[in-house]
Amino acid sequence: MGNKLVVNVVTPNGTIYEHNAKLVVAKTIDGEVGIMPNHAPIIVPLAIDEVRVRRTDADTHVDWIAVNGGIMEMRDNIVSIIADSAERDRDIDVSRAERAKIRAERKIQKAKELQDKNELKRATVALHRAINRINASSHH
Ligand code: ATP
């Protein structure tokens, strides 16, 4: 039994986040999950959403990470998040995300006109990625 977690966020670019923490809150496809030290082992698929990491007992030091889906595993007080891409709030290029959002919106419009369901799905996911980055960067 311990009183802290170690949180790792790993992407194909390497480990983009690694810190001790007291609480991790993430959005799974079934809803929000909060993990504190000594939580039972779990593996859950994540939504494209922000992950919130509280580093201390008080709410004074909170990190936000934009996570592009993936999975989260908790075992032996180690929380591992593995995703295709993930960025800490401070590492997000907001203007890039704004451009990606506009691009995705245009693609959605076009896919609707052409009734292209696959393109509509792809563009909708791209839109969610961009909005998630914009939201996460707003905490910085
Ligand atoms: P874009 O259309 O701007 O490339 P994307 O959603 O297609 O966005 P991804 O394929 O999800 O981008 O990510 C490619 C790489 O670029 C990943 O390493 C990701 O962390 C990084 N990345 C994407 N958008 C941003 C951003 N706005 N700020 C910082 N890094 C980003």
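Reading the values: rules and limits
Residues numbered from 1 in each chain as written. Predicted model: local features only at pLDDT ≥ 70, side-chain atom pairs only at ≥ 80, totals over all residues. Heavy atoms only, no water. Salt bridge = Lys/Arg side-chain N within 4 Å of Asp/Glu carboxyl O. Helix = DSSP H or I, 4+ residues; strand = E, 2+ residues; numbered from the N terminus. Buried < 20%, exposed > 50% of the residue type's maximum accessible area, 1.4 Å probe, protein only. Contact = heavy atoms within 4.5 Å. Polar contact = N/O pair within 3.5 Å; in protein donor to acceptor, adjacent residues only side chain to side chain.

A. How the structure looks around the pattern of salt bridges. Per the counting criterion, the structure on display carries eight salt bridges. Here Asp-57 and Lys-22 are joined by a salt bridge, their closest N and O atoms 3.8 Å apart. Linking Asp-57 in the loop between strand S6 (48-54) and strand S7 (62-68) with Lys-22 in the loop between strand S2 (14-21) and strand S3 (23-28), this pair joins segments that are 35 residues apart in sequence. Connected through shared salt-bridge partners, Arg-55, Asp-63 and Arg-88 make up one network.

B. Representation of the environment of Arg-54 in the model. Structurally, the position occupied by Arg-54 is in strand S6. Judged by its relative accessible area of 18%, Arg-54 is buried. Non-local contacts of Arg-54, meaning those with residues more than four positions away in its chain, are made with Ala-21, Lys-22, Leu-23, Asp-59, His-61 and Val-62. From its side chain, Arg-54 meets the backbone oxygen of Thr-56 in a polar contact 3.1 Å long.

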